[in-house]
Amino acid sequence: MTYEEILSQPISKTSFCVLDVETTGLSPQYNNIIELGIVRVKNLKIVDRFHSVINPGREIPAFITGLTGITNEEVYDAPFFEDIVDKVIEFIGEDVIAGHNLSFDKSFLKREFNYCGRSEPKNPNLCTLKVSRRIFPMLSSKSLGAVSSFLKIKNHSSHRALGDAETTAKILIKIAKHVKKNLGFETLADLINLQFVPVYGNENGMLKNKLLGEFESLPDAPGVYYFLNSKGKVVYIGKAKSLRERIKSYFSDTAPRKAKKIIKSASKLKIELTNSELTALLKEAESIKSKNPRWNVQLKKYGNKYFLRVNSTHKFPDLEICNHFDFDGNDYFGLFSTRKKAESMFQMLNKTFAVRECSNKDFIKGKRCFLADIERCLAPCELRNTAEYFSELDKVYEFMYGKNQFALTRMINKMKDYSAKQKYENAQEVKEIIDLILAQTHKTSLLAEPVNKANVLFEINETFTRDYVLLLSGKIFIKKRSLKEKDFFEDALDDYFAKTIFTDLMPNDEDLEKMKITLNWLVKNRNKVRCFYLKEFNSKEELYKKLTSQNTKYSLPEVTVFDLKTLMNQN
């Protein structure tokens, strides 16, 4: 069943999984789940339950035991979360996930799912705390205890996962009946959207169905949104993976102060659909610079960019950091958005591989240096062993292309050697390099060529659409990016295969920013990306035959304008 089909169901026919967790503390960054309770509600009746105490792999603080009654002895023989994760996923299925202050429970579940190498369920969510704020404004507190007391629901096992989940399930049932009777709600979409309606301007919890319909009409698709004031001037520009969810967040009572100021100063909302989040990112960056909106702070100027250059024109190439990009016969890797990131990679490469670090002036002297004595340099100035040196340099290139096994093996062996010799400080330094290799390699392994030599077509596979992005001579071209503007995508490909020579080859600041945004997004979303290196094809036609679908129907950008007074329910 699709997301839209689930939302269109009658509330009374919807299946909910109402959950609650008990944890070792309040922060999911440092704490774990010790108990999970899930109650299934179907046809507005409790029909099933799931419960498990969970071994958190750590001591339970005394104050948590005092609050919940869960002891270290109770969880000692309990399963770890990874032991029950499949049962949890199977139990939840396609049900709507509900909870009271659901964001708290989900933050812990997300951590546990990620720790197990699993993705958290993407089911529709319903928070009974958010709904209670909107339909019970007379309550000074909307806590689980206060709401259950107001609705005359008894909780016999407070601060235990299954007891709190069952209490929340009963609250959900009463809320569903209340909104149907008093507000005329019929579908799950009505109830889901209720969470995002601003609390102000809705006395006595009475809401306009038109308001909810406007939220539902926003597309669950990537794109760019523009807030405009009464004079039609753009005051803020943003991008979203899901326009519906992002724009809803502006109308939440928990929205940041800045978001509320933007809404207050705006009177219209314009949205523009894109084929992927990447296209939205590029459109956002370009639009902010051209329109200079009042509330945008970032992306108004071009940021710094750094590269690692392999000075290939030297007989024995070395590495250096530079802040420009050229087609000068050297090889460039990157790009890095800050000098600190470039320096981190630079230091890691120098400590892992035995390439020279001396200046050309010192190299000419032909004197063996300290780095050669500690085996951090092959000393080409002294030995002049070209084959051995270039073999080492090849390993640097392989590493930059994402092949890190050699580097890891070398550093692990070095760490073991230091440990065996009881040189523990040296071993710790090598351990830090190993950690850097593991943490950073995936960030540089998208391209299998230096960035100045990379002429690549990227195919981005989204759920319903595809984007095609071309990196050519440091410039970015996007297939059918705009209805009004020529995209130059086909022209760029034609010029490449025709071997057309341009005098203005160097990419400008705009090109480099597009490259930075594109490569950063592609690396983070590599599971959606396929790379086609143009040098492997003789013509554009041959390239297109290799693509997964020659008949892809591009969902061209679509512009829609909304009146914010409708969304805000202000007359």
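In this report, we go over the structure that sits alongside the text. Small disclaimer: the values here were computed from a predicted structure and weren't measured. (Residues numbered from 1 in each chain as written. Predicted model: local features only at pLDDT ≥ 70, side-chain atom pairs only at ≥ 80, totals over all residues. Heavy atoms only, no water.)

**Comments concerning the overall build of the protein chain**
Stated formally: What counts as a helix is a DSSP run of H or I of at least four residues, what counts as a strand is a run of E of at least two, and both are numbered from the N terminus. Exposure categories follow from relative accessible area, calculated using a 1.4 Å probe and restricted to protein chains: below 20% of the type maximum is buried, above 50% is exposed, and the middle band is partly exposed. To measure how exposed things are, a 1.4 Å probe is used in the Shrake-Rupley method; for residues, cover is taken only from the protein chains shown.
The number of helices and strands found in the protein chain is 24 helices and 16 strands. Per-residue burial over the protein chain gives 49% buried out of 571 residues. In the form shown here, the protein chain has an accessible surface area of approximately 28,900 Å², with 50% of it arising from carbon and sulfur atoms.

**Details of the packing of helix α13 (residues 277–291) against helix α22 (residues 509–524)**
So the rule is basically this: Orientation is described by axes fitted as lines to C-alpha atoms, over the contacting stretch for helices, and by angles from 0 to 180 degrees between their N-to-C directions. Orientation labels follow simple angle bins: below 35 degrees gives roughly parallel, above 145 gives roughly antiparallel, 65 to 115 gives roughly perpendicular, and whatever is left gives oblique. Here is the rule for handedness: rotate from the far helix to the near one, and if that takes an anticlockwise turn smaller than a right angle the crossing is left-handed, while a clockwise turn gives right-handed. Residue contacts are counted whenever heavy atoms from the two residues lie within 4.5 Å of one another. Gly falls in the polar group here, along with every residue not listed as nonpolar (Ala, Val, Leu, Ile, Met, Phe, Trp, Tyr, Cys, Pro) or charged (Asp, Glu, Lys, Arg).
At a minimum axis distance of 10 Å, the contact between α13 and α22 shows a crossing angle of 150 degrees. Classified by the interaxial angle, the pair formed by α13 and α22 is roughly antiparallel. Here α13 and α22 pass one another in a crossing that is right-handed. Seen from α13, the contacting residues are Glu277, Leu278, Leu281, Leu282, Ala285, Glu286 and Lys289; seen from α22, they are Glu510, Glu513, Lys514, Ile517, Thr518, Trp521 and Leu522. Residue composition of the contact of α13 with α22, by class: seven nonpolar, one polar and six charged.

**Considerations on helix α14 (residues 339–352)**
Short version of the rule: Here the expected span of a helix is defined as 1.5 Å times the quantity of residues minus one.
Here α14 is 14 residues long and its end C-alpha atoms lie 20 Å apart, about the 20 Å a rise of 1.5 Å per residue gives. For α14, the set of buried residues is Ala342, Met345, Phe346, Met348, Leu349, Asn350 and Thr352.

**Focus on empty space enclosed by the protein**
Quick reminder of the rule: Every definition here rests on a 1 Å grid over the protein atoms only: cavities are sets of points where a 1.4 Å probe fits but cannot get out, pockets are open sets enclosed by protein on both sides within 12 Å along at least five of seven lines, and lining residues have some atom within 4 Å of a point. Grid points are joined across faces, edges and corners, and a volume is the space filled by probe spheres set on the points.
Taken as a whole and judged by the stated rule, the model has four cavities of 30 Å³ or more. One number sums up the size of the largest cavity: a volume of about 70 Å³. Lining the largest cavity we find Leu19, Ile92, Ile97, Lys106, Leu109, Lys110, Phe113, Glu120 and Pro121. Examining the composition of the lining of the largest cavity, we find that four residues originate from one element, helix α5 (residues 102–115), more than from any other. Taken together, the residues of the lining of the largest cavity break down into six nonpolar, no polar and three charged.

**Some points on the packing of helix α4 (residues 81–92) against α5**
Look at α4 against α5: their axes get within 10 Å of each other, and the N-to-C directions meet at 110 degrees. Relative to α5, α4 is oriented roughly perpendicular. Counting all contacts with α4, which are made through Phe81, Glu82, Val85, Val88 and Ile89, the residues of α5 involved are Leu109, Glu112, Phe113 and Tyr115. Of the residues that constitute the contact of α4 with α5, the class distribution is seven nonpolar, no polar and two charged.

**Looking at the layout of surface pockets**
Of the pockets and cavities examined, the largest pocket occupies roughly 2,000 Å³. Sorting elements by how many residues they give to the lining of the largest pocket places α5 first, with five residues. When the residues that make up the lining of the largest pocket are grouped by side-chain class, the tally is 16 nonpolar, 18 polar and 15 charged.

**With respect to the sheet that holds strand β1 (residues 15–23)**
To be explicit about the condition: Here, a strand pair is defined by DSSP locating no fewer than two bridges between the strands.
The five strands are arranged β3-β2-β1-β4-β5 in an open sheet whose pairing can be described as mixed. Edge positions in the open sheet fall to β3 (45–53) and β5 (125–127), since each of these has one partner strand only. The mean inter-strand angle of the sheet, taken between neighbouring strand axes irrespective of direction, is 25 degrees. Sitting on the sheet, helix α6 (residues 128–135) is in contact with β4 (96–99) and β5, with an inclination near 55 degrees to β5.

**Points about the packing of aromatic side chains**
Applied cut-off: Each Phe, Tyr or Trp ring (for Trp, its six-membered ring) is paired with any other whose centre lies within 6.5 Å, and the angle between the two planes then decides the class: stacked below 30 degrees, edge-to-face above 60, tilted in between.
Applying the stated criterion across every chain yields a total of 20 aromatic pairs. Aromatic side chains Phe325 and Phe327 sit 5.2 Å apart centroid to centroid with 85 degrees between the ring planes, which places their arrangement in the edge-to-face category. Classification of Phe325 as buried rests on a relative accessible area of 4%. Taking the relative accessible area as the measure of exposure, Phe327 reaches 29% and is therefore partly exposed. Seen from their ring centres, Phe353 and Phe399 are 5.8 Å apart, and the 65 degrees between their planes marks the pair as edge-to-face. Of this pair, Phe353 sits in the loop between α14 and α15 (360–365) while Phe399 sits in helix α18 (residues 386–400); the two residues are 46 residues apart in sequence, bridging distant segments of the chain.

**A short note on the pattern of salt bridges**
This is how the line gets drawn: Between Lys or Arg on one side and Asp or Glu on the other, a salt bridge is scored when a side-chain nitrogen of the former is within 4 Å of a carboxyl oxygen of the latter.
What the rule picks out here adds up to 26 salt bridges. Residue Glu449 pairs with Lys535 through a salt bridge whose shortest N-O separation is 2.8 Å. With Glu449 in the loop between α20 (424–440) and β12 (456–461) and Lys535 in the loop between β15 (529–533) and α23 (540–546), this pair connects stretches of sequence that are 86 residues apart. Residue classification places Glu449 among the buried residues on the basis of a relative accessible area of 8%. Residue classification places Lys535 among the exposed residues on the basis of a relative accessible area of 59%. A salt bridge links Asp511 to Lys475, with the shortest nitrogen-to-oxygen separation between them at 3.0 Å. Of the two residues, Asp511 is situated in helix α22 and Lys475 in strand β14 (residues 475–478); the sequence distance between them amounts to 36 residues. Each of Lys479, Glu490, Asp494 and Lys540 takes part in one network of salt bridges that share partners.

**Some details on the nonpolar core**
What counts, and what does not: We call a set of buried residues a nonpolar core when its members are Ala, Val, Leu, Ile, Met, Phe, Trp, Tyr or Cys and they connect through side-chain atoms within 4.5 Å of each other.
Counting 35 residues, the largest nonpolar core has Phe16, Leu126, Ile135, Ile175, Val179 and Leu191 as the members making the most contacts within it. Counting only elements with at least two residues in this core, the list comes to α1 (3–7), β1, β2 (33–42), β4, α6, α7 (144–150), α8 (161–183) and α9 (188–194). Per-element accounting of this core gives the leading share, nine residues, to α8. Ignoring anything within four residues of it in the chain, the contact list for Val179 reads Ile11, Ile135, Gly184, Phe185, Leu191 and Leu194. Within the second largest apolar cluster, 30 residues are counted, among which are Ala342, Met345, Val430 and Ile434.

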